[in-house]
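What the coordinates show
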Amino acid sequence: MTHGRVNPSQTLEAQGISGLGTVYYNDIEPALVEQAVKRGEGRLGKGGAFLCSTGQFTGRSPKDKFVVRTPSVENSIWWENNAPMVPEAFDRLYADMLDHMKGRDYFVQDLYAGADPEHRLDVRVVTELAWHGLFIRHMLRRPDRAELDSFVPEFTIINCPSFKADPAKHGCRTETVIALNFEKKVILIANTEYAGENKKSVFTLLNYILPAKGVMAMHCSANHAIGNPEDAAVFFGLSGTGKTTLSADPSRILIGDDEHGWSEKGTFNFEGGCYAKTISLSAEAEPEIYGTTSKFGTVVENMVYDPETLELDFEDASLTQNMRCAYPLEYISNASPTGMGGQPKNVIMLTCDAYGVLPPIARLTPAQAMYHFLSGFTSKTPGTERGVLEPTPTFSTCFGAPFMPRRPEVYGKLLQEKIAETGATCWLVNTGWTGGAFGSGKRMPIRATRALLTAALDGSLAKVEFRKDPNFGFEVPVEVPGVDATLLNPRATWADPAAYDAQAQKLVGMFAENFGQYVPYIDADVKAAAIG
Ligand SMILES: Nc1ncnc2c1ncn2[C@@H]1O[C@H](COP(=O)(O)OP(=O)(O)O)[C@@H](O)[C@H]1O
Ligand SMILES: C=C(OP(=O)(O)O)C(=O)O
Ligand SMILES: [Mn+2]
């Protein structure tokens, strides 16, 4: 039986997927919420938010993600970073999953990934859980109803948490698998309920497709000045560095919080919604994001709440530190209706430095920006990936290694060209520790980060005095109105300056050791910007 609206020539049967129970095509939000509640997947919270938990998997499973090694992608995938799966194993996995799906109900969402129609990818997401349908409907861009009648999915994602893969038969590592097949244009996800896998799979697809068209694909948030979409900014950063928090800025228009493209026309969001962390979220510091947690249909994932009053507990991390809410962009009052902005005037690289060494803001030359983009130094946030229990320093190239199917220099070259063409100003912003490393110092106050970003974006920071950092060679402001001057010089925030120097030297050494792998691919000016 089928329900809903779908292009009659593009049903699941037409794709070779048959024998299912009821298929719900393109249900809108209230219908999905109704189904999810009816099926016991969660319950309604305040304001009609949908409260659910994801069981054992409360973060991504990067070690269980595979790319199918087909001839057409053999020479373009960065195999050192993307685990290969042989086509025969994928075929067995697909066949067994389709078999498992028989008789069960499924939810189909036909959605756009990419706000710019020229670079848009039309994706179909088939989910066993009604709330996964709701989640991905919030996260991607929703076609008009009439557009559904001619919608042709280019890629299909099938997400089946109740299916357990067999490593011996399916060429995977555990019972959990995320398998991307660029030739068959199918992604299979099994044995995890963590909703983030859906959106990051789409991101990985676009990160493969767009660079071939000369479009830079970026793990970044983006916003623009009020009344001037041409004054755009992008904020690169691995999970937990502040992309979502800092892009939702009452004094700017939000383009998007996580995944964007940079074409010859400017920036565009891949998505139509946000996926914010809710741990310690406060109504005072982040009123807009806080407000979404009691709006109709917002997916509130892995939060503890009072069963009687339905009051959410923003401090109880007993399910996971990676508690989240997912909502459409229009739930943020100053979000862009188009999801597009002009050429970035400012490129910000967010790093969460758990060593407490990097300054809260530094200005980078284009060569230094390339060096830091390829390095991707930051810390992994507890919870976002399975097994990470405390902030763990890492070099995650392009500030998003888990989502990059191509070699880092592909993205590096594209970014370098875009920065050279537009003359964008580049900044490195440490949202991590100050006054010492993780364990002794404290997290950078959000207020200070925001004040520094405001000064960078409105141009006032360009007018202050800068010093050159002796360890890293970039320029650091000496004094910024409204910001504690001590904070600007991390060495001065440490109780023991000698301990700072030692930690800084250690970090310089880590940068140098990590960067060796990129040396064969970079220009002389980037080599000259290398540290250590
Ligand atoms: N100075 C800071 N800048 C940004 N975020 C901070 C800062 N200090 C603490 N945080 C917290 O760190 C987390 C950043 O997460 P988030 O914005 O979701 O990052 P991302 O979107 O890059 O994954 C939030 O929980 C935020 O409250
Ligand atoms: C959803 C995620 O992204 P981020 O933490 O960058 O918002 C994730 O990494 O699983
Ligand atoms: Mn985010």
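These figures come from a predicted structure and were not determined experimentally.

**Structural notes on the overall build of the chain**
- Within the chain one finds 14 helices and 31 strands.
- In summary, the chain has a C-alpha radius of gyration of 23 Å against a globular reference of 24 Å for 532 residues, a match within 12%.
- On the principal axes, the C-alpha backbone points of the chain span a range of 70 × 55 × 45 Å.
- For the chain, the proportion of contacts with a sequence separation of at least 24, taken over those separated by at least 6, is 73%.
- About 19,200 Å² of surface is accessible on the chain, with carbon and sulfur atoms providing 53% of the total.
- Separation between the mean location of the 50 positive side-chain charges and that of the 63 negative ones in the chain comes to 2 Å.

**Comments concerning the site of ligand 2**
- Contacts to ligand 2 come from Arg60, Tyr194, Lys200, His219, Ser239, Lys243, Asp258, Tyr275, Lys277, Arg324, Thr384 and Phe403.
- Measuring from an oxygen atom of ligand 2, one finds a side-chain N or O atom of Arg60 at 2.7 Å.
- The separation between an oxygen atom of ligand 2 and a polar side-chain atom of Asp258 is 3.3 Å.
- For ligand 2, the accessible surface in isolation is 290 Å², of which the surrounding protein chains cover 99%.
- Taken together, the residues of the shell around ligand 2 break down into 3 nonpolar, 3 polar and 6 charged.
- Summarising the domain contributions, the shell around ligand 2 has at least three residues from each of domain 1 (2-41 + 59-213) and domain 2 (275-331).

**Re the site of ligand 1**
- Around ligand 1, a shell composed of 17 residues is seen, among which Gly240, Lys243, Thr244, Thr245 and Lys277 lie nearest.
- Residue Lys243 places a side-chain N or O atom 2.7 Å away from an oxygen atom belonging to ligand 1.
- Here an oxygen atom of ligand 1 and a side-chain polar atom of Lys277 are 2.6 Å apart.
- With the chains in place, 90% of the 560 Å² that ligand 1 exposes on its own is no longer accessible.

**A closer look at the pairing of strand β15 (residues 259-263)**
- Within β15, 5 of the 5 residues are buried, which leaves it mostly tucked inside the rest of the structure.
- Burial along β15 is two-sided: the face carrying Glu259, Gly261 and Ser263 and the face carrying His260 and Trp262 are both buried.
- In terms of strand pairing, strand β12 (residues 216-225) meets β15 through 4 bridges, oriented antiparallel. Directly across from Ala217, in β15, lies its bridge partner Gly261.
- Turn length for the β15-strand β16 (residues 266-269) hairpin, with the two strands adjacent in sequence and antiparallel, is 2 residues.

**With respect to the packing of aromatic side chains**
- Applying the stated criterion across every chain, the model contains 23 aromatic pairs.
- Centre to centre, the rings of Phe155 and Phe182 are 6.4 Å apart; their planes meet at 75 degrees, and the pair counts as edge-to-face. Of this pair, Phe155 sits in strand β9 (residues 155-160) while Phe182 sits in the loop between β10 (177-181) and β11 (186-190), and the two are 27 residues apart along the sequence. As far as burial versus exposure is concerned, Phe155 and Phe182 are alike and both buried.
- Both rings, one in Phe182 and one in Tyr208, keep their centres 4.3 Å apart while their planes meet at 35 degrees; by these two values the pair is tilted. Placement of the pair is Phe182 in the loop between β10 and β11 and Tyr208 in helix α5 (residues 196-209), with a sequence separation of 26 residues. Across the pair, exposure class does not vary: Phe182 and Tyr208 are buried alike.

**Thoughts on the sheet that holds strand β4 (residues 50-52)**
- Pairing is mixed across the open sheet formed by 5 strands, whose spatial order is β3-β4-β18-β21-β17. Each edge of the open sheet is held by one strand with a lone partner, namely β3 (43-44) and β17 (273-277).
- Strand direction decides the pairing type here: strand β18 (residues 299-301) and strand β21 (residues 324-328), joined by 3 bridges, are antiparallel. In the sheet register, Val300 faces β21, and the bridge partner there is Cys325.

**Some details on unusual backbone geometry**
- The residue Ser280 is not glycine, and still its phi comes out positive at about 55 degrees.
- Its location among the elements puts Ser280 in the loop between β17 and α7 (287-292).
- With relative accessibility at 42%, the residue Ser280 sits in the partly exposed group.
- Unlike most non-glycine residues, Asn302 shows phi in positive territory, near 60 degrees.
- By the element assignment, Asn302 lies in the loop between β18 and β19 (304-305).

**Examining the nonpolar core**
- The biggest cluster of nonpolar side chains holds 95 residues, and the ones touching the most others in it are Phe236 and Met349.
- Residues Val6, Ile17, Tyr94 and Ala190 belong to the second largest nonpolar core, which totals 29 residues.

**Remarks on the pattern of salt bridges**
- If you walk through the whole model with that rule in mind, you get 25 salt bridges.
- Note that Asp122 is salt-bridged to Arg120, the shortest N-O span being 2.9 Å.
- With a relative accessible area of 11%, Asp122 lands in the buried category.
- Here Lys200 and Asp258 are joined by a salt bridge, their closest N and O atoms 2.4 Å apart. Taken together, the residues Lys200 in helix α5 and Asp258 in the loop between β14 (252-256) and β15 connect sequence positions 58 residues apart.
- The exposure class of Lys200 is buried, given its relative accessible area of 9%.
- Given the relative accessible area of 6%, Asp258 is considered buried.
- When salt bridges with common partners are traced through the structure, they connect Lys199, Lys200, Lys243, Asp258, Glu259 and Glu271 into a single cluster.

**A closer look at the UniProt feature "binding site: substrate" (unreviewed entry) in the chain**
- Taking the UniProt record as the reference, the feature "binding site: substrate" (unreviewed entry) is found at Arg60, Tyr194, Lys200 and Arg324.
- With respect to the helices, strands and loops of the structure, Arg60 is situated in the loop between β4 and β5 (65-68).
- The residues touching Arg60, leaving out its near neighbours within four places in the chain, are Tyr194, Glu197, Lys200, Thr384, Glu385, Arg386, Pro402 and Phe403.
- When sequence neighbours within four positions are dropped, the list of residues in contact with Arg324 reads Tyr194, Ser239, Tyr275, Ala276, Lys277, Thr278, Val299, Val300, Glu301 and Thr384.
- Looking at Arg324, its side chain comes within polar contact range of the main-chain oxygen of Tyr275, at 3.2 Å.

**Structural notes on the domain arrangement of the chain**
- According to the domain assignment, the chain consists of domain 1 (2-41 + 59-213), domain 2 (275-331) and domain 3 (343-529).
- Distance from the C-alpha centre of domain 2 to the C-alpha centre of domain 3: 29 Å.
- The junction of domain 2 with domain 3 conceals about 420 Å² of combined surface from both sides, 48% of it contributed by carbon and sulfur atoms.
- Per-residue buried area on domain 2 facing domain 3 is highest for Glu286, Gln321 and Asn322; these three make up 64% of the total on that side.
- The interface formed by domain 2 and domain 3 includes 0 salt bridges.
- In the side of domain 2 that touches domain 3, the residues fall into 1 nonpolar, 3 polar and 3 charged.

Criteria and thresholds
- Residues numbered from 1 in each chain as written.
- Chains lettered and ligands numbered in written order.
- Predicted model: local features only at pLDDT ≥ 70, side-chain atom pairs only at ≥ 80, totals over all residues.
- Heavy atoms only, no water.
- Helix = DSSP H or I, 4+ residues; strand = E, 2+ residues; numbered from the N terminus.
- Rg over C-alpha atoms; globule rule 2.2 N^0.38 Å.
- Contact = heavy atoms within 4.5 Å.
- Areas by Shrake-Rupley, 256 points an atom, 1.4 Å probe, with all protein chains shown as cover.
- Lys, Arg positive; Asp, Glu negative; His and termini not counted.
- Charge placed at Lys NZ, Arg CZ, Asp CG, Glu CD.
- Near = heavy atom within 4 Å.
- Polar contact = N/O pair within 3.5 Å; in protein donor to acceptor, adjacent residues only side chain to side chain.
- Nonpolar A, V, L, I, M, F, W, Y, C, P; charged D, E, K, R; others polar.
- Domains from an automatic or database assignment.
- Buried < 20%, exposed > 50% of the residue type's maximum accessible area, 1.4 Å probe, protein only.
- Pairing = 2+ DSSP bridges.
- Phe/Tyr/Trp six-rings, centres within 6.5 Å; stacked < 30°, edge-to-face > 60°.
- Core = buried A, V, L, I, M, F, W, Y, C linked by side-chain atoms within 4.5 Å.
- Salt bridge = Lys/Arg side-chain N within 4 Å of Asp/Glu carboxyl O.
- UniProt positions renumbered as here; feature names shortened; annotations may be inferred.
- Buried area = accessible area lost by both parts, 1.4 Å probe.

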